[in-house]
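Structural overview
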Amino acid sequence: MALKTFRHGVHPSANKFTKDVPLEDFPVPDKVYISLSQHIGAPAKPVVNVGDYVYEGQMVGEAGGFVSAPVFSSVSGMVKSIVKLPTAIGQMVDHIEIENDFKYDKVSLPKLVNPSKEEILQRVKDAGIVGMGGATFPTHVKLAPKDPVDVLIINGAECEPYITCDYRLFLEHANEVVEGTKLLMKALGVDKAYIGIENNKPEAIKVMREAANGGVEIVPLKVKYPQGAEKQIIYAITKRVVPAGGLPAQVGCVVSNTHTAYSVAKAVFDGEPLYKRAMTVSGDGVEKTGNFWVRGGIPFSFIYETLRGEVPECMSNKVINGGPMMGFAQADLRPVTAKGTSSLLFLSHKMFSEFEPTQCINCGRCINHCPMNLVPRDMERAVIKEDFARAEKLGVMNCIECGSCAFICPAKRPLVQAIRLAKKEIRSKGRK
Ligand code: SF4
Ligand code: SF4
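To keep things clear, this report deals only with the structure shown in the data block. The model shown is predicted, which means the values in this text are computed figures rather than measured ones.

The full set of residues close to ligand 2 is Cys360, Ile361, Asn362, Cys363, Gly364, Arg365, Cys366, Arg377, Cys409, Pro410, Ala411 and Arg413. For the shell around ligand 2, the residue count by class is 7 nonpolar, 2 polar and 3 charged.

Our next topic: helix α3 (residues 165-172). The buried fraction of α3 amounts to 7 of the 8 residues, a majority that puts the element mostly inside the structure. Those residues of α3 that sit buried are Cys165, Asp166, Tyr167, Arg168, Leu169, Phe170 and Leu171.

Let us now look at the site of ligand 1. In the vicinity of ligand 1, 15 residues are found, and the nearest of them are Cys370, Cys399, Cys402, Ser404 and Cys405. Those elements giving two or more residues to the shell around ligand 1 turn out to be α12 (404-408) and α13 (415-431). Broken down by element, the residue count for the shell around ligand 1 peaks at 3 residues, all from α13. Each residue belonging to the shell around ligand 1 can be placed in one class, and the counts come to 12 nonpolar, 2 polar and 1 charged.

Here the focus is helix α1 (residues 117-126). Along α1, the residues classified as buried are Ile120, Arg123, Val124 and Lys125. In this structure, the buried residues of α1 make contact with α2 (139-142), α4 (174-188) and α7 (258-269). Immediately beyond the C-terminal end of α1, within one or two residues, lies Gly128, with a positive phi of roughly 70°.

Before going further, it helps to spend a moment on the packing of α4 against α7. As a packed pair, α4 and α7 sit with axes 7 Å apart at the nearest point and diverge in direction by 85°. Judged on the interaxial angle alone, α7 and α4 are roughly perpendicular. Where α4 approaches α7, its residues Glu176, Val177, Glu179, Gly180, Thr181, Leu183 and Leu184 are matched on the opposing element by Thr258, Ala261, Tyr262, Val264, Ala265, Lys266 and Val268. In terms of residue class, the contact of α4 with α7 is built from 8 nonpolar, 3 polar and 3 charged.

What counts, and where the lines are drawn
- Residues numbered from 1 in each chain as written.
- Chains lettered and ligands numbered in written order.
- Predicted model: local features only at pLDDT ≥ 70, side-chain atom pairs only at ≥ 80, totals over all residues.
- Near = placed C-beta within 6 Å.
- Nonpolar A, V, L, I, M, F, W, Y, C, P; charged D, E, K, R; others polar.
- Buried ≥ 20, exposed ≤ 12 C-beta atoms within 10 Å, placed from the backbone.
- Helix = DSSP H or I, 4+ residues; strand = E, 2+ residues; numbered from the N terminus.
- Contact = placed C-beta atoms within 7 Å.
- Axes fitted to C-alpha atoms, helices over the stretch in contact; angles between N-to-C directions.
- Parallel < 35°, antiparallel > 145°, perpendicular 65-115°, else oblique.

In structure tokens:
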């Protein structure tokens with residue numbers, strides 16, 4: 001039987017070098033910096049003061065609105081200050097600096113047994129659960145769709161090269177992922193959930209098939225990028241097409257991430273709010289790579305110093321938060337781990353190529369491979385002419401910024417940068 005997939009897309013090298021490395025606890029520094037903006041939406045508001053003692057798992061920032069989420073201390077210790085630091089996408093936001101006393105005195109939420117739909121929804125909100133595949137959209141908002149839904153899809157494609165933390169969750173915590181999926185199903189009132197896993201992870205498919213029950217079905221997917229993009233995985237599994245500019249709920253679907261499902265199970269059954277997560281560190285710019293349980297608020301510089309070993313500093317020429325296709329290159333290592341930090345890549349020049357863009361040769365490859373049926377070449381041309389109205393007409397707002405066009409372009413045109421610029425201009429014009 002043909003494997004399920006979507007139209008177009010590309011095939012970057014998987015580079016899943018860390019797939020066989022089990023999750024282990026990452027060391028914790030003397031100080032952590034808990035970001036108040038670990039999600040899409042309004043930043044959290046601090047609820048602690050300088051000089052306060054806080055426990056591991058204690059809320060230190062409350063949700064700043066409906067589309068927002070609380071944040072929690074990842075250690076016990078003293079609040080030292082509230083400082084502005086850059087996030088991994090370069091925004092300066094407030095962080096709560098906490099001096100770690102290494103006692104890990106902990107507070108939890110009450111454990112729930114056989115919770116009702118309302119109790120699950122409340123717990124997801126109280127535990128600060130957000131989409132952990134990188135989007136960081138507050139999950140309690142996603143669980144209240146405006147349209148009726150009948151299908152939940154758990155995105156376990158992990159199609160970005162290098163990243164293997166969801167794969168390790170499948171192998172090491174299959175039951176929690178299944179139980180979290182069932183909790184999400186109950187919260188949504190659906191009786192069918194599909195967990196999509198790319199077919200190059202046969203061990204994960206096997207383990208998850210053994211663990212699956214209660215309306216949860218494991219679906220092998222063709223290995224292709226961006227198989228894990230929301231609209232693409234919906235089409236691959238259900239053949240439903242989300243309309244341009246529309247939301248998954250319009251075709252009866254909600255998509256959540258593997259780690260999100262795991263974190264929902266932890267929040268409900270163990271009373272653990274979201275302040276640590278599984279993360280992959282990979283690349284040849286550090287000596288030790290692997291999959292780690294990392295607490296929130298750990299500076300990227302500490303991670304680099306801990307793992308680089310004998311690798312000379314100049315070897316790590318590029319640091320990427322996320323994967324190489326959709327991740328963000330880091331200007332410096334001050335950003336800290338947060339709810340959406342699925343991976344950090346430390347790459348030397350050997351692992352990535354830097355090309356000067358040359359003139360577009362009209363080969364049409366970017367158009368043929370775009371999973372959203374857009375015309376990246378023409379959108380870039382419109383941006384160069386500062387004709388943002390034309391870029392909008394060409395559908396630039398429907399671009400999912402997957403990077404397939406730039407990946408496949410022989411002229412190495414900076415297509416995604418142009419698209420991001422157009423979106424920013426169009427949004428700011430809309431605000432005005
Ligand atoms: S135009 Fe957007 S959606 Fe299409 S390939 Fe490029 S980045 Fe992906
Ligand atoms: S892939 Fe690159 S060179 Fe080819 S049409 Fe698109 S922008 Fe031009």
